[in-house]
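Per-entry structural report
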Amino acid sequence: MSTQPLLEVDHLKVDFRTDEGLVHAVDDVSFRLGQSEVLAVVGESGSGKSVTAMTLMGLTRSPNARFEGSARLRGQELITASDDELRKLRGKEIAMIFQDPMTSLNPVHRIGKQIVEQIQAHDDVSDAEARDRVVTLLDRVGIPRSRERIDSYPHEFSGGMRQRVMIAMALSCDPGVLIADEPTTALDVTIQAQILREMRDLRERTGTSIILVTHDLGVVADIADRIAVMYSGRIVETGTLDEIFYDPQHPYTWGLLGSIARIDRPRPHRLPSIPGQPPSLIDRPEGCHFRPRCRHEFEDCPKYPELEGRIGQAPGHDDRCWLPVEEKRDRRVVADGQIGLEAEGATA
Amino acid sequence: MARFIVRRLIGMAIVMLVVSFLTFLIFFKIPGGDPADRLAGKYATPGQVAAVEREWGFDKPFWIQYGNMMEKTFTGDLISYTRQDKVVERIIDGAPRTFSLAIGAALIWLVLGVALGLFSALRAGALSDRFLTVLALIGISMPVFWLGALANYYLGYKAGLFPDGGYVPISEGGLWEWFKHMILPWSVLATLFVGVYSRVLRNQVLDTINDDYVRTARAKGISERRVMGRHVLRNSMIPIVTLWGLDFGYVLGGGAILTETVFDLQGVGDYFAESIGALDVPPVMAVVLFGAFFIVLLNGIVDIVYAALDPRIRLS
Amino acid sequence: MSAAAAPNGDAMLDVEHIKQHFPIRRGILNTVAGHVHAVDDVSFTLREGETLGLVGESGCGKTTLSRTLMRLIDPTAGRITFRGRDITHASRRELRPVRTEMQMVFQDPYASLNPRKRISQIIGGPLELHGVARDEIAQRTADLLERVGLQREHVNRFPHEFSGGQRQRIGVARALALEPKLIVLDEPVSALDVSIQAQIVNLLEELQEDFGLTYIFVAHDLSVVRHVSDRIAVMYLGRIMELSPAEQLYSKPIHPYTAALLSAIPIPDPRENRRRDRIVVGGEPPSPVDPPPGCVFHTRCPRAQDICRSEIPPLTDYGNGHLAHCHFPLNVTREEIAGSTKSPLSPAASGDSQPQYVDPELHPA
């Protein structure tokens, strides 16, 4: 990873006006993405992970949206860029693949044409040249008989194959950054494994940086270099893969890690779970957003927690929890080497 | 494709047979529908009536009568009971008038409906959108006979901007005369449809615009124009084309009876209305067959176009 | 769901050679052009108080099978016996008393609750249908809400006022209302976030212990299934590939498909993940309209040989209730194969040949 980050996001805020009130979808999100790095943005629904990703692409722009903060791709500002400037970057410098491959391709156009459309939007190439590029791309993402299949319609492909097409499309202009929003969630596990392997290979070969938006910590462990854990619109903890998995600092991260059923461990009598529900994005608790569900709440928690490194932590491993580091290491439950929560009664 | 066409042709024959049979049955059973009475005249003796019955074959069984009528329709020998002229000739005479009306109006309502619908969708919720919604509702609710009479009276008769009704074939008055005579009928007939089409398209566009593949299209970095044209509008047009084909077939087959009557176009619809009023079975039967033919034909064409527009649909 | 209690209970549900073939109709005459072999000769016995996990990828027939068991669709062939009664062809009226004893919880908590009904109507509806008195309905509805972790005061709310996890609790309360014996849970937590999944899974386990319920837990997530199940049936293309006590399936998968599935699951532990040798099976499941002959997995199986393409393997019983449908099983010794028997649960069309031993040294999985 080079020292000059490819993408720098600082204090990004996204609010949406709705009939019920102002939805604070993304609140003070900052991160760096280095060259050929895979950053996993992890969180549950409503955590703001998808909105963050889509905002980088300018896909959340609407009369009801309000943006603050900055996001710079190779120094170029994305948040305040004009629609036209952003359009030139989209698909060229920064590309995206989406969750549902069944609905993400236009059913009425041939897949080759849909990819050619993107190539010709950015590069001045002839139809024949663009087509050749598409064939190469389809080969690269493992679509057999690419020369014939280029003229197929999306419905003639399975979900896994469509997701390969989406990846080929995203890679068609050699983007510096690839945003993958839950790319394997809608797929079966054996197909998911194929797609993840494809993404790993691509990163090796092309050096593309990837922002992987997901709720699945298994997928994260499989592919990510660094992780940002989001909760209620904020990044609550960020660090390297090993830091987050083996030295998590934020009680929400503990809960997340602890509540996954794992096939490689003896099964506990009860799955540890985080009690309660995530707060509404309209009416959030003061200070730490995780406070109402946290067992370790104390008098500092209503104060606004900055995302920062604390004494005793490795640089780059930041979190938003007020507990002192020693206290955290004491309090988080480590059973059989597994970080988790107290196992007893967390159901109701 | 060949199989599809053959299947459609068989389907067409069946539909026309069923429709004509039902029509014949209705007129056969309708009280006061006995044509012999009318043909024989008001003061005919029972003997005269019986003679007429024999001459025209009304004494034959129902099935024979139906068969004869169908046969005559296709040989062109069908004679009207009231005017005693050849029905098929009247229809051939009226068809260009009806076609002129249908083709022109259908083009207008398609183009205007799509344009207004798209405009409305792009400004959804804004004042202009709401204004167009009201306008569309007015268009949909205005009865043709009223709107037509109004247009005819004020724009035609009073202001003299247009001829008040009638039809001039191109071969007689030239293109311009024909066109001038058609403007009002076209506009009046199209008004109703423009309202419907613009509403349907608006809602389609608003649905489509939130589809995942439109988001993908935007993420590709293609121009907004292209996103709207090739992705949003292209996909929103699929139901519109279906609707249009069916409506067009209906109007082509003489369905715009009121418009034809109000503007005295003397097309097939006009003839139909007149024949029904006189309980004149032969022309009614023939026009029904004529109408059914176009409706079924357009239905088939719609299916082909539909499959071309949406590759997920396959013919066969 | 304690492992010890499971295999000894009385039979709750007996499923014998169930087939579910859906006709595909084509042409003007609506002639049957083929069949979707959604479920193809599946047999098992469900014991009282146990949880049977039904896992597999999309299109494997697990959901169709569960609906067939509930008699929501009529089976093409086979027999279903519920608590001693043959319900395969039971009429609607005959099914009525059975329906109170079998309930279902669906995947999508947003779609499975009528948005125009209050919670009291949703939960109390089935009670009213079965002639429970009004006062008692109100009382029981409130009790049920409390039991599934909601508040009694919520009875008059509408579904949209609840989050996904809370709605799934309502779905569970509705299923519990008639005091059923068997609940079929169709992907009950798939639509929920991880932290909420754990809450619902725990709730289901508690309820099972308190009310002595029997569960069929349909899911594609093998981690969750392992946590809740006593036994697990792995399905592929309409057939059972492996049927095993839960723990054994994970420690000693016998069918190559099971091994591939397990291997495909990324473990949320980076070091563990790096250590694992993972098999990524290529290809995609074939169409259920025209399933391959022999073993349906042979088109993707790394161990497939000629016999797999021609002969349907029997469901072989390796003892301890561990059954697998494979000619070249994994993780079994020569002795285990010698001691194995053809299970009566085998598909009727399967052959009699004994599985063959494959030296793991020569033929690593």
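Residues numbered from 1 in each chain as written. Chains lettered and ligands numbered in written order. Predicted model: local features only at pLDDT ≥ 70, side-chain atom pairs only at ≥ 80, totals over all residues. Heavy atoms only, no water.

**A closer look at the interface of chain B and chain A**
To keep things clear, this is the line we draw: Residues count as neighbours in contact if any of their non-hydrogen atoms are within 4.5 Å of one another. For any pair of parts, buried area is found by adding up, for both, the accessible area (1.4 Å probe) each one loses once the two are put together. What counts as a salt bridge is simple: a side-chain nitrogen of Lys or Arg found within 4 Å of a carboxyl oxygen of Asp or Glu. Helix numbers and strand numbers start at the N terminus; a helix is a DSSP run of H or I with at least 4 residues, a strand a run of E with at least 2. Classification used: nonpolar for Ala, Val, Leu, Ile, Met, Phe, Trp, Tyr, Cys and Pro, charged for Asp, Glu, Lys and Arg, polar for all others including Gly.
Of the residues lining the interface, 22 residues belong to chain B; the matching set on chain A comes to 25 residues. Buried area between chain B and chain A, summed over both chains or domains, comes out near 2,100 Å², and the portion from carbon and sulfur atoms is 56%. Our count for the contact surface shared by chain B and chain A stands at three salt bridges. Here the element with the most residues in the side of chain B that touches chain A is helix 10 (residues 224–255) of chain B; it accounts for seven residues. In terms of residue class, the side of chain B that touches chain A is built from six nonpolar, five polar and eleven charged.

**A word on the interface of chain C and chain A**
Put simply, the test is: Distance and chemistry together define a polar contact, namely a pair of N or O atoms within 3.5 Å, with one atom able to donate a hydrogen and the other to accept it when in protein, and with adjacent residues in sequence counting only for side-chain atoms on both sides.
Taken residue by residue, the interface counts 48 residues in chain C and 45 residues in chain A. Summing both partners gives a buried area of about 4,300 Å² for chain C against chain A, and 51% of it is carried by carbon and sulfur. At the surface where chain C touches chain A, the tally comes to seven salt bridges. We note a salt bridge from Arg270(A) to Glu205(C), for which the minimum N-O separation is 3.3 Å. At the junction of chain C with chain A, the criterion picks out 25 residue pairs in polar contact (both at pLDDT 80 or more). Contributing elements (two or more residues each) for the side of chain C that touches chain A: helix 5 (164–176), helix 6 (194–211), helix 7 (222–228), helix 8 (246–251), helix 9 (256–264) and helix 10 (270–275) of chain C. The biggest single contributor to the side of chain C that touches chain A is helix 6 of chain C, with eleven residues. Here the side of chain C that touches chain A is built from residues that sort into 21 nonpolar, twelve polar and 15 charged.

**Description of the side chain of Thr214(C)**
With respect to the helices and strands, Thr214(C) occurs in strand 8 (residues 214–219). A distance of 2.8 Å separates a polar atom in the side chain of Thr214(C) from the backbone nitrogen of Gly49(C).

**Description of the environment of Ile170(B)**
Residue and element names in this part refer to chain B. Applicable threshold: Residue exposure (1.4 Å probe, protein chains only): buried if accessible area is under 20% of the type maximum, exposed if over 50%, otherwise partly exposed.
Within the fold, Ile170 resides in helix 8 (residues 170–208). For Ile170, a relative accessible area of 41% translates into the label partly exposed. Discounting residues that sit within four places of it in the chain, Ile170 has contacts with Leu175 and Trp178.

**What about the confidence of the model for chain B?**
Residue and element names in this part refer to chain B. The criterion, for reference: Confidence of the predictor at the level of single residues is captured by pLDDT, which takes values from 0 to 100.
Residues at a pLDDT of 70 or more form 98% of chain B, whose mean pLDDT is 88. By mean pLDDT, helix 2 (residues 35–40) is the weakest element of chain B at 74, and helix 9 (residues 212–219) is the strongest at 95. Our summary of model confidence lists the complex with pTM equal to 0.86 and ipTM equal to 0.87.

**A closer look at the packing of aromatic side chains**
For the record, the criterion: Centres within 6.5 Å make a pair out of two Phe, Tyr or Trp rings, where for Trp the six-membered ring is used; the pair is then stacked when the planes are under 30 degrees apart, edge-to-face when over 60, and tilted otherwise.
Scanning the entire structure with this criterion turns up 26 aromatic pairs over all chains. Summarising the aromatic geometry, the rings of Tyr252(A) and Phe290(A) are spaced 5.4 Å apart at their centres and angled 65° between planes, so their arrangement reads as edge-to-face. Placement of Tyr252(A) in helix 10 (residues 251–258) and of Phe290(A) in the loop between helix 10 and strand 11 (318–319) is noted, with a sequence separation of 38 residues between them. According to the relative accessible area criterion, Tyr252(A) is buried, its value standing at 0%. When the centroid spacing of 5.5 Å and the interplanar angle of 80° are considered together, the rings of Trp178(B) and Trp186(B) count as edge-to-face. Here the two residues Trp178(B) and Trp186(B) agree in accessibility, since each one is buried.

**Some thoughts on the sheet that holds strand 1 (residues 11–26) of chain C**
Residue and element names in this part refer to chain C. Here is the rule: At least two bridges found by DSSP between two strands is the condition for calling them paired. Here, axes are lines fitted to C-alpha atoms. For helices the fit covers the stretch in contact, and angles between N-to-C directions go from 0 to 180 degrees.
As summarised here, the arrangement of the four strands in space is 2-1-4-5, forming an open sheet in which the pairing is antiparallel. Taken across any chain shown, the strands that pair with only one partner, and hence form the sheet edges, are strand 2 (31–47) and strand 5 (85–86). As defined by bridge partners, strand 4 (residues 77–82) adjoins strand 5 across two bridges and the pair is classed as antiparallel. Paired with Phe82 across the bridge in strand 5 is Arg85. Running over the sheet, helix 1 (residues 62–69) touches strand 1, strand 2 and strand 4 and is turned about 115° from strand 1.

**So, the pattern of salt bridges**
All names here are of chain B. Taken as a whole and judged by the stated rule, the model has 67 salt bridges over all chains. Taking the shortest distance from any N to any O, the salt bridge between Asp303 and Arg8 comes out at 2.2 Å. Here Asp303 is found in helix 13 (residues 281–309), whereas its partner Arg8 is found in helix 1 (residues 2–29), with 295 residues between them in sequence. With a shortest N-O distance of 2.9 Å, Glu274 and Arg83 are connected by a salt bridge. Linking Glu274 in helix 12 (residues 268–277) with Arg83 in the loop between helix 4 (62–75) and helix 5 (87–122), this pair joins segments that are 191 residues apart in sequence. Relative accessible area serves as the criterion here: at 36%, Glu274 is assigned to the partly exposed category. Residue classification places Arg83 among the partly exposed residues on the basis of a relative accessible area of 47%.

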